[in-house]
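Coordinate inspection notes
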Amino acid sequence: MFYDSKDLTELALDLTNISSEQDRFERLLATIRKLFKCDASALLAFKGGQFSPLAINGLSQDVLGRRFALDQHPRMEAIARAGDIVRFPADSSLPDPYDGLIPNHTEELKVHACIGLPLLADQQLIGAVTIDGFDQHQFDQFSDDLLRKVAALAAVSLNNAMLMEQLEKRGGDISRVEPVLSHTNSNPEIIGRSLQIKRLQSQIEAVANTELTVLVTGETGVGKELVASAVHKLSLRSQAPLIYLNCAALPESVAESELFGHVKGAFTGAVSNRSGKFELADKGTLFLDEIGELSLSLQAKLLRVLQSGDLQRVGDDRRLQVDVRIIAATNRDLNKEVVANNFRADLYHRLSVFPLPVPPLRERDNDILLLAGFFIERCRTKLGLMHLSLAERCQSRLLDYAWPGNVRELEHSIYRASILARAETRDIHVIIQDHHFDISGGNAGSVNQFSTGAAPDQKKTLIELTLKDATEQFQRRYIKQALQQNENNWTAAARTLCVDVGNLHRLAKRLGMK
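I will try to describe carefully the structure that is included in this document. The structure displayed is predicted, hence computed values, not measured ones. (Residues numbered from 1 in each chain as written. Predicted model: local features only at pLDDT ≥ 70, side-chain atom pairs only at ≥ 80, totals over all residues. Heavy atoms only, no water.)

1. Concerning the pattern of salt bridges
Close approach of charged atoms allows side chains of opposite charge to pair. If you walk through the whole model with that rule in mind, you get 16 salt bridges. The salt bridge involving Asp346 is made with Arg344; its shortest N-O contact spans 2.8 Å. Residue classification places Arg344 among the partly exposed positions, given a relative accessible area of 28%. Connected through shared salt-bridge partners, Asp62, Arg66, Glu377 and Arg380 make up one network. (Salt bridge = Lys/Arg side-chain N within 4 Å of Asp/Glu carboxyl O. Buried < 20%, exposed > 50% of the residue type's maximum accessible area, 1.4 Å probe, protein only.)

And the structure:
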C-alpha cells in the first residue's frame, strides 16, 4: 500500500486553519477522494437514531436532504454498531443507500466497494464517513491503519464543529457547553441551507428561550407549524405541552369554549366541565394557527387573557390564572387587516412582539433539491422500496418551477411522482423521471403551470392571476352558486358549504361580496 503522508499532514493543518465548518468538511472529503481515488464520499452526523449528511462529494445533491434511519438502512446500522472500520464485501446482501445516487453512472447503479468509518468522541458515536466506488477492488490496497487515521481527523473536526455550535447557542458561555451526545435529537428539523433558512434558524434560536410572543408569517404551505414547534422545543417550556389550535377551522358558536373552556350547563350540549386550550397549555405554549381568521369579538377576549393571564370559562363567574406563551401564525398581512378594520390593532401589536417571516420555497435557492431528497427518502420508506432516486434531468426542472404551493406542494408532487414511478417499473431501482411530475415551467407567482379545466377564454384570464387571486375568484364563484341554490339564504348556503354561517359572512366580506 502506497500513499503520500503529506496528504494527511496537509489535511490536519487545513482542518485547523479553515474557519468555515462547511469548507472544512468539504476539504476533508476532497482530500479523501484524492487519497482513495473513490467515486463518492460523504460525511454524516449521527443524531436521534439516524445519519444526516453534512457534506458530500460525488453524490447527487438531493442526498444532503436525505435522512438515513438505522432501522431502514442495514449498512448504516452496521457502521453505527461496529466501533471500527467496516469493509462491506462486493457481494454483500445489505442494500447500499447510495446505489443510483452517483451522477453520470446511469448505466451502472450498484456500488461495489464500500467502506464505513464510524466517528467517535468520548466513546460516543457522533457521525460517520462513507467511501464508495464501482470497482470492487478499489480500496484493497489501503490499510485499516490509514483509514483509522482519516476517521480520527474527521471525528475531531466534527466534534469541534458541534461544540462550537453549542457554544454559539449559549452566548459564548463555555461553562454551559455539554459533551456532544449523539442520541439526543428531539428538536424538529427545518431542512435547508439557504441564507434565508439560516437567517430564520438564527432568529428561532434567538427568541426561543425568551418569553416573548412570536408571530410566524408566511404564505400557505411554507411550514409555519414546523417553525412554531421548533421555537417551543428550544424554549424553557419544552418539557411542557405545545397545544395547537387552528383558528380557521373554529366555528363561531364553539370558538370561545375551545379557547377558554366551559362549565356544565353553560349552553345546550355542555353536559360536563371542559378545559379550553389555554388551560391545557398552562406552563407551556399555545400555538394559534391562522390567527387572522378570528372574529373581532373573540379577538377582544383573547387580548384580555394575553394582558392579564386571567380567563373565565363560558358560564363560569370564577377567574382562572394561566401561564401560557403564545405563538401565532398567519398567511395574511395583518397590517393591512388592521387598516381594513378586520383585525384589532392592539391585539396585532401584542402578538407581533417578535415576528418570524418564513420565506417561500421559490426564494430558497437550492433548498428545493434538499427537500426533494428528504421527501424521497420518506416516500421510499412508506412505499417499501429498496431504492428510490431522482433522474438527473428532473433536478433542473424542479429548480425552475415556481412552487406556488410551497413546501407542501413539493411534498405532494414527490409522493405522486414516486407512486407513478413505482407503477412503471419492476426493477428494485425505482427512478423518478420527468413525466412523473405534473408541473412545468417556472413563471413565479402564476397559475399557468396547471390545467384548470376551464374553457379556453377562461384559461386566458387565469394566466394573469396569482394563486391567491385565483383562489379568491373561485371562492366568490362557489359562494354565489351556493346562494343561488338556496335562494340567497346565507344560513342555508353555509349548511350546503359545510361551514359556520358566521365564518361564511366574514369570508364573503373579505372577498368583497358584502
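2. Digging into the sheet that holds strand S3 (residues 68-69)
Spatially, six strands are ordered S3-S2-S1-S6-S5-S4 in an open sheet, and the strand pairing comes out antiparallel. Edge strands, defined here as strands with exactly one partner in the open sheet, are S3 and strand S4 (86-88). Here six bridges tie strand S1 (residues 40-47) to strand S6 (residues 124-133), and the two strands are oriented antiparallel to one another. The residue of S6 that forms the bridge with Ser41 is Ile131. Relative to the sheet, helix H3 (residues 74-82) contacts S1, strand S2 (50-57), S3, S4, strand S5 (113-121) and S6, its axis offset from that of S4 by approximately 155°. (Pairing = 2+ DSSP bridges. Helix = DSSP H or I, 4+ residues; strand = E, 2+ residues; numbered from the N terminus. Contact = heavy atoms within 4.5 Å. Axes fitted to C-alpha atoms, helices over the stretch in contact; angles between N-to-C directions.)

3. Some remarks on helix H18 (residues 501-510)
All of the buried residues in H18 are Gly502, Asn503, Leu504 and Ala508. Considering only its buried residues, H18 is in contact with helix H7 (252-260), helix H16 (467-485) and helix H17 (490-497). Two residues or fewer after H18 comes Gly512, characterised by a positive phi angle close to 80°.

4. Some words on the nonpolar core
In this structure, Phe51 and Phe437 are the most contacted members of the largest nonpolar core, which totals 53 residues. Broken down by element, this core gets its largest block of residues, nine residues, from helix H12 (residues 367-383). When sequence neighbours within four positions are dropped, the list of residues in contact with Phe437 reads Leu390, Cys394, Arg397, Leu398, Ser413, Ile414, Ala417 and Ile432. (Core = buried A, V, L, I, M, F, W, Y, C linked by side-chain atoms within 4.5 Å.)

5. Observations regarding the packing of H16 against H17
Following both chains from N to C, one finds H16 and H17 inclined at 120°, their axes separated by 8 Å at the closest point. Here H16 is positioned oblique relative to H17, judged by the angle of their axes. Between H16 and H17 lies a crossing whose hand is right-handed. Note on element contacts: H17 touches H16 through Trp490, Ala493, Thr496 and Leu497, opposite Tyr478, Ile479, Ala482, Leu483 and Gln485. Each residue belonging to the contact of H16 with H17 can be placed in one class, and the counts come to seven nonpolar, two polar and no charged. (Parallel < 35°, antiparallel > 145°, perpendicular 65-115°, else oblique. Left-handed = near helix turned anticlockwise from the far one by under 90°. Nonpolar A, V, L, I, M, F, W, Y, C, P; charged D, E, K, R; others polar.)

6. A look at the sheet that holds strand S7 (residues 214-217)
One key point about sheets: their strands pair by backbone hydrogen bonds, in either a parallel or an antiparallel sense. Pairing within the open sheet is parallel, and its five strands lie in the order S8-S11-S14-S7-S15. Edge strands, defined here as strands with exactly one partner in the open sheet, are strand S8 (242-246) and strand S15 (354-357). Sheet twist, expressed as the mean angle between neighbouring strand axes with direction ignored, is 20°. Both S7 and strand S14 (residues 325-330) contribute to a ladder of four bridges, which runs parallel. Opposite Val214, over in S14, you have Ile327 as the bridge partner. On top of the sheet, helix H6 (residues 224-233) reaches S7, S8, strand S11 (285-289), S14 and S15; it is set at about 165° to S14, its chief contact.

7. What about the packing of aromatic side chains?
Summed over all chains, the structure comprises eight aromatic pairs. Judged by centre distance (5.6 Å) and plane angle (70°), the rings of Phe374 and Phe375 are edge-to-face. On the basis of relative accessibility, which here comes to 15%, the residue Phe374 falls in the buried class. In this structure Phe375 comes out as buried when scored by relative accessible area, which is 4%. With 5.4 Å between their ring centres and 20° between their planes, Phe474 and Tyr478 make a pair best called stacked. Taken as a pair, Phe474 and Tyr478 lie in helix H16 at a separation of four residues, close to a single helical turn. Judged by its relative accessible area of 45%, Phe474 is partly exposed. (Phe/Tyr/Trp six-rings, centres within 6.5 Å; stacked < 30°, edge-to-face > 60°.)

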